[in-house]
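As a plain string of letters, each chain reads:
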Amino acid sequence: MKVRSIISLVLALIMTLSLSVTAFAAPVYSDLEGHWAKEYMEDLSDKGFLTGYDDGTMRPNQNITYAEALVFISRFYDLDAQVTEWIKEDYSDIVDSCVPSAMDWAKEGITVCLGAGIIMASELKDASLGSEIQKEVLCKYLARAIQIPLPDSRDVKFSFNDANTISAGCARYVMALVNTGIVNGDANNNFTPNLSVTRAVVATMVSRSLKYLDENNVELFPAAYEGMSLNTGIVYAASAKALQLRTYDGQVMEFAIGADTKVTANDKSVTLDSTYVGCAASVKDNNGSALAVTVSSSKETWIQGSIFSLTKSNTSPYMMVLDVLSGDKTRYNILPNKAKITLDGKESSLAGLTGDLFITFKVEDRYVTEIIAATSKDIKSGEIKELNFATVVNLKVVDEDNYVWCYQMPISSLPTVKRGDTAITIDMLSVGDLVSVSMVKGAADVITTVNTQEELSGVLSSITSTTSGTEWVIVDNEGAKHTFTVDPMAKVSDGKKELQISDVKAGDSVTVTLFDSTITEVRLAQTVTAISKISGTVLAVDTVEKKITLLDDNKLIYVSAGSPVIADAVKGVALKLSGISENSKRTVYGTFENSTTIKATVVIVEG
């Protein structure tokens, strides 16, 4: 990546070097002719952000102060408002105590220097900010600012005639800049470390530093704030050790709460628990670990969901909302002409709200007073951390930045799950799988595995089928044996037409497509075997499709219950399909059509 932006230096140069931005070619400055820094000052002038004075001069030999130099160096960092605010929170007290009110113009830049590690608090306390800065001191701060690697102290060997005058505290920084050609000696091979710094020296260092950053693809950012972010939303679940936050775009994030996490509500330190569910909150975190949690008043009512319908009347607007938690559709009256509405962080209006958005809104005195709307389509990728089955399937995915994304999916309306182009059932996913989850209006829409795909050819040595699935042993062309699980939805063909699973027999030559150790496509197929009995917990009953979803040993079994005998063996009575309740224990007798679907002949309660 390139350095954030050369333009970000403009403001600094305006402050410290009488600079301004212009889109026109730089003029010729009378006092640069024959000057040693002419090339560098004209380089910055040609780029349109270094200009001289009204009298047509550049004044290259005018010195700058300590404070001016720090403000200038701070502009190497093009920080967003949030990071700038965090740095102010951490260092404003130090800056206020060290920087006199007459230098208020320098406080923001000096604060950034502290946050970026350009200057230490102890150094700032000892600095004479109104005095002219020395060359070796500027080198120290510049080297820190551009994050240049420092040499080992044993490798600091200068060839300058006055090398012995460079202080030990600045030597490594000066050496690093010398090694990269950013600074060098004068015509007499002297470094003159204690001389004041002129506009010419600063311009030279700026020009060379920009070249170094560009050539080395350096992106500058304060290391102490790397990976830090602020996430806002509504508390979905909370305990002393973890917080789940549904953000304003519908995603649910989980943050670890540690002993050092600062948790406040109404400006008081608190311990998180379930009483804070439904409260607005913000989480300052570093790669998923919460540094600070701020919770709003529990008296506020916040609701999240999607707009089912919207009446945009000027006098009595209202909306029907599909609640993301309950699934209920409820009418909410909107405060006419006064409700605050934002869409993707920008001010909006009722006219900008549509049904494909995810919304978070506040209700006060029976009226909606604030609506935070967000484009609801999003995709998160990562590794499955948890996968638990019940009437609601819980899936947790951790991404490459260590953020944990949580998905709660009713067993009766699961998202589409794919392995490559092949549709699979959700129980075929496993902890450790790499997946991509597509979200629409706060709900998982499509889950796609992204594991590495490869092919293998060989002879099918054996086939083993159980209720847990089908395994093939394939002997490859070099004689090595490989054992794979066969996806029950695997595509089967002979290169000309589609085949059935049972068409492939032991001894056949096959070429299989693999996602990790699962076969998703074959040239020929897998075989399955029938079983007579399966027991498990009922997760869902579909009386329309006449299907029962059972959970057996963390595997979903789909029972085709078209016309079986359904009975309660304990009570000795016959039951209807609608009489089977969720979370009840059932035993099914029938014939397996494949490794996940059994055609039932008898469904009973045995105890």
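It should be noted that the structure appears before, not after, this text.
Residues numbered from 1 in each chain as written. Predicted model: local features only at pLDDT ≥ 70, side-chain atom pairs only at ≥ 80, totals over all residues. Heavy atoms only, no water.

1. Quick word on helix α2 (residues 38–46)
When α2 is considered as a whole, its buried residues turn out to be Tyr40, Met41, Leu44 and Ser45. The buried residues of α2 occupy one face: seen down the axis, they fall within an arc of 140°. Of the exposed residues in α2, the ones pointing more than 90 degrees away from its buried face are Glu39 and Asp46. On its buried face, α2 sits against α9 (199–215). (Buried < 20%, exposed > 50% of the residue type's maximum accessible area, 1.4 Å probe, protein only. Helix = DSSP H or I, 4+ residues; strand = E, 2+ residues; numbered from the N terminus. Arc of directions from axis to C-beta. Contact = heavy atoms within 4.5 Å.)

2. Structural notes on the packing of aromatic side chains
Scanning the entire structure with this criterion turns up five aromatic pairs. Note on tyrosine 332 and phenylalanine 361: the rings are 4.9 Å apart at their centroids and 65° apart in plane angle, and the pair reads as edge-to-face. Here phenylalanine 361 lies in strand β13 (residues 357–364) and tyrosine 332 lies in strand β10 (residues 329–334), a separation of 29 residues in the sequence. Across the pair, phenylalanine 361 and tyrosine 332 agree in class, each one buried. It is arginine 59 that lies over the ring of tyrosine 53; its NZ or CZ is 3.7 Å from the centre. (Phe/Tyr/Trp six-rings, centres within 6.5 Å; stacked < 30°, edge-to-face > 60°. Lys NZ or Arg CZ within 6 Å of the ring centre and 35° of its normal.)

3. Description of the nonpolar core
Ranked by internal contacts, the top residues of the largest apolar core, which has 73 residues, are Phe76 and Leu129. Looking at this core, the elements with two or more residues in it are α2, α3 (66–74), α4 (81–98), α5 (107–115), α7 (135–145), α8 (168–179) and α9. Ranked by residue count, the leading element in this core is α9, at nine residues. Core analysis: the next-biggest nonpolar cluster, separate from the first, contains 43 residues, Leu243, Tyr276, Leu387 and Leu429 among them. (Core = buried A, V, L, I, M, F, W, Y, C linked by side-chain atoms within 4.5 Å.)

4. Some details on the side chain of threonine 261
Among the structural elements, threonine 261 can be located in the loop between β3 (252–256) and β4 (262–265). For threonine 261, a relative accessible area of 13% translates into the label buried. Within the structure, the side chain of threonine 261 is placed 2.9 Å from the backbone nitrogen of glycine 258, a separation counted as a polar contact. With residues up to four places along the chain from it excluded, the contact list for threonine 261 reads Ala256, Ala290, Leu291, Ala292 and Val293. (Polar contact = N/O pair within 3.5 Å; in protein donor to acceptor, adjacent residues only side chain to side chain.)

5. Digging into the pattern of salt bridges
Enumeration according to the criterion identifies twelve salt bridges in this entry. Measuring nitrogen to oxygen at the nearest pair gives 3.6 Å for the salt bridge that ties aspartate 55 to arginine 59. Measuring nitrogen to oxygen at the nearest pair gives 3.7 Å for the salt bridge that ties lysine 555 to aspartate 427. With lysine 555 in strand β29 (residues 555–560) and aspartate 427 in the loop between β19 (422–424) and β20 (434–440), this pair connects stretches of sequence that are 128 residues apart. Here aspartate 427 falls in the buried class, since its relative accessible area comes to 11%. (Salt bridge = Lys/Arg side-chain N within 4 Å of Asp/Glu carboxyl O.)

6. Thoughts on the sheet that holds strand β26 (residues 518–523)
Taken in spatial order, the five strands line up as β22-β23-β24-β26-β25 and close into a barrel, and their pairing is mixed. Averaged over neighbouring strand pairs, the angle between their axes works out to 60° when direction is ignored. Pairing of strand β23 (residues 469–476) with strand β24 (residues 481–493), which is carried by six bridges, proceeds in the antiparallel orientation. Residue pairing across strands places isoleucine 474 opposite histidine 482, the latter belonging to β24. (Pairing = 2+ DSSP bridges. Axes fitted to C-alpha atoms, helices over the stretch in contact; angles between N-to-C directions.)

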